[in-house]
Amino acid sequence: MQGVILVVVAASLGGLILRAAARYPRPRQRYRRLLASEAAIVDAAAETFFPPGGQIQSSGADADAPAYLDRLLDVSQPRIRTLVRLLFFAVEHATLVFPAPGRGGFRRFTKLSAEQRMAVLDAFASSGLFARRLLFVSLRSLLTMAYLHHPPVQRDLGIEPWEIDTPVCEADLFYPPIGGLPGDIRFTRDDVTAPTDRGTPLDRAAGKSS
Amino acid sequence: MTSPSPDPVDLRVHAQYRRDFTEEADVVVVGSGPGGAVVAKELTDAGVRVVLLEEGPPFTPADFEADGGISMARTMREGGLRTTRGTVMPTMQAIALGGGSLVNSAICVRSPEFVLDRWCADYDLERTARADLESHYDAVGEFIGISPTPDEVQGPRNLLFRDGCDVLGYESEPISRNVRGCRGSGECFTGCRSRAKQSMDITYVPAALRGGATVLTSVRVEGVLCEGSRATGVEGTVVEPLTGRATHRFRVNAKVVVLAAGCMATPVLLQKSGNLANGSGQVGENLRFHPGVAVMGIFPDEVNPRFGATQGMQSLQFVSQGFKLETLWAPPAIPAVRLPGSAMELKERLSLLPYAAIWDAIGSCNRSIGRVRPRRRGLDPVLSWRLQPDDVGILTSALLRLAEIFFAAGAHSVLPGVNGLAPEMRSLEEAQVLRTHPVRSTDLVVSGNHAFCTTRMHGDPTRGVVDESGRCHDLDNLYVADTGVFPECPSVNPMWTGMAIAHRTAGAIADRV
């Protein structure tokens, strides 16, 4: 019995190593943090979560999710980067344990057909295993953030960031921008404005459109 | 022609540190959030020489990021991805000058009388009833301009909550916030570009600076120094903003040390300093949260949810039953991640965002108790915590109330986000399943709002870490001034109570220095 388990574990490990070492297509741009394999996983998952069509025209591919996630990883601390990378790795290779339906269901996530990818993600979402559901929610959260960062999606949903005239308060005379020196502070006391009577962003938007 | 800049103040940022250094102070305060900032300003006003230490940098409006994910990665410890173990739940702690006040929604509520009475009765406290704290609440409230959210900046998603409560006969009220000149941009969580939120970095910290305090940013305190039974200062590392890369060492010698690093960091600091102030064995124990749950409601007409105060309305109707209801908004990607489904179904739900409102509940889950321990390396905490079945009941009751209010306000469906139940419910009758369905802790999407109690105050030195003045029972000149001193959940948003108690602590320190 022990021997059988050892063979299965060894075969799984071997398979995993072979899959992990496999080549991926060249990414559409050079990323600071994302590897080519991770960019491919993100692209595949984004296109699965956000296919073309429907009321929001842009698809996951249009939204260039890898670029957003590359920035997110870049501003994240190393431990977080590792966790996110493990998430991508788990998604890519989960088919070893939970294969997709249909032919070739054991292939990597990025090698599956669109329907198979969808089936894999749906199985994650409805799994009785909390950890598997957590994996799904984590992946979908990251990709939703990337998708909603895309300006055309924001326009379609009416959620573009407000244009705001930022007043200058006294504290702004004390703090340089991050990474700067006190000499980089651009304001003087004459610049200080009260944070009132500027109207709401809605007023501003109405004024602009009229 | 411009007038000269204000008198020079002693605020230092990372680019100014050239070598290792040592500072001297009467009082060193660790942490510039709502607790530490109050202590620093009040002591400075009293003529005490204060050095205020903050690991994060000051964020200017130019440094704010409107995108929720990027903003969290920059302003939160562990990139905003900190979670508890046991019941897995995200929880956050800011790393910025001003602490959590930079990125919270500015809610200010006095803890109810019955809560503070219970604290006094159960924890041998004699001066922590509501009447004892009123003058401290008032002093803080006046300084940071706490006032109810005006209707003009509520926006439809907040006002609909009031409408729903009115229909049902539930109490509701505009949330009081530390805000002056809110414009309803709904950006509290990513930094107020309107400079309306009176966070610590634009109120108490500048006041301390003007009064002569030294404020050192980008300094990570790693240990409290002691000689015998007295604290003599703190030491640590200068760290580069955002990356945390260590660049220099520093030390501050002081007559009094105040730890206000937050209830997840202060106990770690004590534990890493040789299990300091832990004669009671309570340092890092008793961790409690206000776990939050939320319901999204979809209305037939556009709500335009991005306009309006981030959290403008609340109901205290059910506080005595263990939960508080409030309205909520966040950068759109954050509420959107709650939407169920994938592919076209998800896209269709996303397209309903302009018609959506989100209301949430925070639970006083006093039965769900955890602990804080240090990691082997670094100062990030390991948080062990488990949501107990009775407290799950509190949260599902809250979900049902929220669904009720949504339908009363005219919503045509609600999304309660409970695993095992229909993702979308189209009537109150359908939502009644929340009464009968056996919901487990892992079925809920909970977030760890507000954390407390890890250095709790107790009149009995064998059962608590600090006394009512915030002084550690074991060390005469070591104080704690953050929400770790709460003996139990305050049942409402904790900032104002934490600041009021810190205000009292500052008075006690001023009397002795």
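Relevant structure appears above.
What this report covers is the structure whose coordinates are included nearby.

### Some words on the sheet that holds strand S16 (residues 371–374) of chain B
Residue and element names in this part refer to chain B. Read across the open sheet, the 3 strands follow the order S4-S17-S16; overall the sheet is mixed. The outermost strands of the open sheet, each flanked by one partner alone, are strand S4 (85–86) and S16. With 4 bridges joining them, S16 and strand S17 (residues 381–385) adopt antiparallel strand pairing. Along S17, the bridge assignment pairs Val-372 with Leu-383.

### Looking at the environment of Gly180(A)
Relative to the assigned elements, Gly180(A) resides in the loop between helix H7 (151–157) and helix H8 (201–209). Taking the C-alpha atoms as reference points, Gly180(A) and Val75(A), 105 residues apart in sequence, are found 18 Å from one another. Those residues in contact with Gly180(A), other than ones at most four positions away along the chain, are Val13(B) and Ala15(B).

### Overview of the environment of Ala36(A)
All names here are of chain A. Along the polypeptide, Ala-36 turns up in helix H2 (residues 36–49). In sequence terms Ala-36 and Ile-178 are 142 residues apart; their C-alpha atoms lie 31 Å from each other. Contacts of Ala-36, omitting those with residues within four sequence positions, involve Tyr-24, Pro-25 and Pro-27.

### Notes on the packing of aromatic side chains
Residues and elements named next belong to chain B. This structure, assessed with the given rule, holds 18 aromatic pairs over all chains. Between Trp-119 and Phe-486, the ring centres sit 5.3 Å apart and the planes meet at 45 degrees, which makes this aromatic pair tilted. Pair noted here: Trp-119 is in helix H3 (residues 113–122) and Phe-486 is in the loop between strand S20 (478–480) and helix H13 (495–512), with a separation of 367 residues, a long-range link. Relative accessible area serves as the criterion here: at 0%, Phe-486 is assigned to the buried category. With centroids separated by 5.2 Å and ring planes inclined at 85 degrees, the aromatic side chains of Phe-161 and Trp-359 adopt a geometry described as edge-to-face.

### Observations regarding the interface of chain A and chain B
If you look at the interface, chain A gives 68 residues, while chain B gives 74 residues. Buried area between chain A and chain B, both sides added, is near 6000 Å², and the carbon and sulfur share of it is 63%. Interface area lost by chain A to chain B is led by Trp162(A), Tyr175(A) and Ile178(A), which between them contribute 13%. Note that Glu170(A) and Arg210(B) form a salt bridge whose closest N and O atoms lie 2.3 Å from each other. Scanning the region where chain A abuts chain B turns up 23 residue pairs in polar contact (both at pLDDT 80 or more). If you list the elements that add at least two residues to the side of chain A that touches chain B, you get H2, helix H3 (65–74), helix H4 (78–93), helix H5 (114–125), helix H6 (130–148) and H8 of chain A.

What counts, and at which threshold
Residues numbered from 1 in each chain as written. Chains lettered and ligands numbered in written order. Predicted model: local features only at pLDDT ≥ 70, side-chain atom pairs only at ≥ 80, totals over all residues. Heavy atoms only, no water. Pairing = 2+ DSSP bridges. Helix = DSSP H or I, 4+ residues; strand = E, 2+ residues; numbered from the N terminus. Contact = heavy atoms within 4.5 Å. Phe/Tyr/Trp six-rings, centres within 6.5 Å; stacked < 30°, edge-to-face > 60°. Buried < 20%, exposed > 50% of the residue type's maximum accessible area, 1.4 Å probe, protein only. Buried area = accessible area lost by both parts, 1.4 Å probe. Salt bridge = Lys/Arg side-chain N within 4 Å of Asp/Glu carboxyl O. Polar contact = N/O pair within 3.5 Å; in protein donor to acceptor, adjacent residues only side chain to side chain.

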